[in-house]
Amino acid sequence: MLYWRNANQGMDFTTKDDAASFIAEAAFDDDAPRFLPIAGDTASARDLAEIMSTLSGTHVKPTYVGSIGMLRLMARIGKAMSKTKDERYPTWQGTQYFGNM
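Criteria and cut-off values
- Residues numbered from 1 in each chain as written.
- Predicted model: local features only at pLDDT ≥ 70, side-chain atom pairs only at ≥ 80, totals over all residues.
- Heavy atoms only, no water.
- Salt bridge = Lys/Arg side-chain N within 4 Å of Asp/Glu carboxyl O.
- Buried < 20%, exposed > 50% of the residue type's maximum accessible area, 1.4 Å probe, protein only.
- Patch = residues over 30% accessible without salt bridge, like charges linked within 9 Å, V, L, I, M, F, W, Y side chains within 5 Å.
- Areas by Shrake-Rupley, 256 points an atom, 1.4 Å probe, with all protein chains shown as cover.
- Helix = DSSP H or I, 4+ residues; strand = E, 2+ residues; numbered from the N terminus.
- Lys, Arg positive; Asp, Glu negative; His and termini not counted.
- Charge placed at Lys NZ, Arg CZ, Asp CG, Glu CD.
- Axes fitted to C-alpha atoms, helices over the stretch in contact; angles between N-to-C directions.
- Parallel < 35°, antiparallel > 145°, perpendicular 65-115°, else oblique.
- Left-handed = near helix turned anticlockwise from the far one by under 90°.
- Contact = heavy atoms within 4.5 Å.
- Nonpolar A, V, L, I, M, F, W, Y, C, P; charged D, E, K, R; others polar.

**Brief notes about the pattern of salt bridges**
Once their charged atoms are close, side chains differing in charge can pair, the charge on each being opposite to the other.
Item 1. This structure, assessed with the given rule, holds one salt bridge.
Item 2. With a closest N to O distance of 3.3 Å, Asp17 and Lys16 form a salt bridge. The burial state of Asp17 is the same as that of Lys16; both residues are exposed.

See the structure below:
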């Protein structure tokens, strides 16, 4: 299980069903805040490694692969080296998204 910076850093995971349900409830709540942080669940790389170990029966360990700065640099390099500028979902975009997340 690869991670950048900190194996205990929580990551938010949300499905469209989670978001739709949460937004529907908030729409009818007069006390709901203007900006809504929506997350169906939160897990760290360490949590995910433990879950995968349990599910697969094989030991999965968190593996440090670099800093957030390094991850963002990889996204910038990928973008600069991209041959096409009009791709709908360029490969480097996933790296950029993960760095920002």
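Alright, that's what it looks like, and here's the rest.
**A few points about a nonpolar patch on the surface**
Item 1. Together, Met70, Leu73, Met74, Ile77 and Met81 make up a nonpolar patch on the protein surface, roughly 480 Å² of accessible area in all.
Item 2. Tracing the sequence through the fold places Ile77 in helix α3 (residues 68-81).
Item 3. With a relative accessible area of 41%, Ile77 lands in the partly exposed category.

**Examining the environment of Ala32**
Item 1. Tracing the backbone shows Ala32 in the loop between α1 (16-27) and β3 (41-43).
Item 2. The exposure class of Ala32 is partly exposed, given its relative accessible area of 25%.

**Things to note about unusual backbone geometry**
Item 1. The phi dihedral of Arg5 falls on the positive side, at around 70°, and the residue is not glycine.
Item 2. Assignment of secondary structure puts Arg5 in the loop between β1 (2-4) and β2 (11-13).

**Some remarks on a negative patch on the surface**
Item 1. On the surface, Asp12, Asp18, Asp41, Asp47 and Glu50 cluster together to form a negatively charged patch.
Item 2. Inspection of the secondary structure puts Asp12 in strand β2.

**A closer look at the packing of α3 against helix α4 (residues 91-100)**
Item 1. The interhelical angle for the contact between α3 and α4, taken along N-to-C directions, is 155°, at an axis separation of 8 Å. The angle between α3 and α4 falls in the class roughly antiparallel. In this structure, the crossing between α3 and α4 has a hand that is left-handed. Here Ile68, Leu71, Arg72, Met74, Ala75, Gly78 and Lys79 of α3 come into contact with α4, specifically with Trp92, Thr95, Gln96, Phe98, Gly99 and Asn100.
Item 2. Of the residues that constitute the contact of α3 with α4, the class distribution is six nonpolar, five polar and two charged.

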